Amino acid sequence: MEELAEVQYLIEESGWLGPALFILLHLIRPLLFLPVILVCVAGGLLFGFIEGAILSFIGLTLMSFVSYVLIYRFPKFKEKLSRLKDKVLPARHLSVGQIMVLRIMPFVHFHLLSFYLMEMTETRKEYMIYSMVGVIAPAVIYTAFGGAIHELPWYGTAILFILLLIVYKVIGRMSDDEMDTIS
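Residues numbered from 1 in each chain as written. Predicted model: local features only at pLDDT ≥ 70, side-chain atom pairs only at ≥ 80, totals over all residues. Heavy atoms only, no water.

Points about the overall build of the protein chain
This is how it is decided: Secondary structure elements are defined from DSSP: runs of H or I of at least 4 residues count as helices, runs of E of at least 2 residues count as strands, and each element is numbered from the N terminus. Throughout this description, buried means an accessible area under 20% of the type-specific maximum (1.4 Å probe, protein chains only), exposed means over 50%, and partly exposed covers the range between. Contact definition: two residues touch when any of their heavy atoms are within 4.5 Å. Throughout, the Shrake-Rupley method with a 1.4 Å probe supplies accessible areas, and for residues the shown protein chains are the sole cover considered.
Within the protein chain one finds 9 helices and 0 strands. Each of the 183 residues in the protein chain was classed as buried or not, and the buried ones make up 36%. Taking the contacts inside the protein chain whose residues are at least 6 apart along the sequence as the reference set, 76% of them involve residues at least 24 apart. Element-wise, carbon and sulfur atoms account for 70% of the exposed surface of the protein chain, whose accessible area totals about 11300 Å².

Description of the packing of helix 2 (residues 17-28) against helix 3 (residues 36-47)
Our working rule: Axis geometry follows a simple rule: fit a line to the C-alpha atoms, using only the stretch in contact for helices, then measure angles between N-to-C directions, giving values from 0 to 180 degrees. Working definition: roughly parallel below 35 degrees, roughly antiparallel above 145 degrees, roughly perpendicular at 65 to 115 degrees, and oblique for all remaining angles.
Running from N to C, helix 2 and helix 3 cross one another at 170°; their axes reach a closest spacing of 10 Å. Between helix 2 and helix 3, the interaxial angle falls into the category roughly antiparallel. Counted together, Gly18, Pro19, Phe22, Leu25 and His26 of helix 2 and Val39, Cys40, Ala42, Gly43 and Phe47 of helix 3 form the full contact between these two elements.

A few points about helix 2
Owing to its 3.6 residues per turn, the α-helix aligns residues three or four sequence positions apart on the same side. To be explicit about the condition: Expected span of a helix: the number of residues minus one, times 1.5 Å. The arc in question is formed by the directions pointing from the helix axis toward the C-beta atoms.
The terminal C-alpha atoms of helix 2 lie 16 Å apart, and with 12 residues this matches the ideal 16 Å at 1.5 Å per residue to within 8%. Looking at helix 2, one finds that the buried residues are Gly18, Pro19, Phe22, Ile23 and His26. Each buried residue of helix 2 sits inside an arc of 135° when the element is viewed along its axis, so together they form one side.

Some words on unusual backbone geometry
Phi is positive for Phe33, which is not a glycine, with a value near 55°. Along the chain, the position of Phe33 falls in the loop between helix 2 and helix 3. A relative accessible area of 75% places Phe33 in the exposed class.

Keep in mind these values describe shape, not function.
Structure follows, in structure tokens:
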């Protein structure tokens, strides 16, 4: 715990540089193979709940924008995500609500979910609005409860995962029912 206190002190003394580096960490996170939950939990530990959640929201929103740019600038990256999408959920249409629930689940591929949103939206503005709304929950939940989730015993984590799956299925059924009434 002394190391954490030292790092917190260093961040407090760094002024604007600490938050800027944390946001940059969100942007380079995929290159370092760090899961979103880990970075958000670190934000909660280092900056506290409010500032950590705000910084994680900014970092995840910027990462969503970078994903958009990368996918449309690099066709090979788009092809790889398309193949991954076909492997993970072949011929499955996800609702925006389901994507938002999946964003909360640890270790679900961030860029794959961004790709789903890109396919569902018609403009970059619409995509960014959905992305911003979609990263609020992970930024807040992981920052606030990330340490607790990480410290839960295996059965606590399993129960939480099952509850998230149930919410995912319920939103999927609601979306399917909505689509049936529209048809």
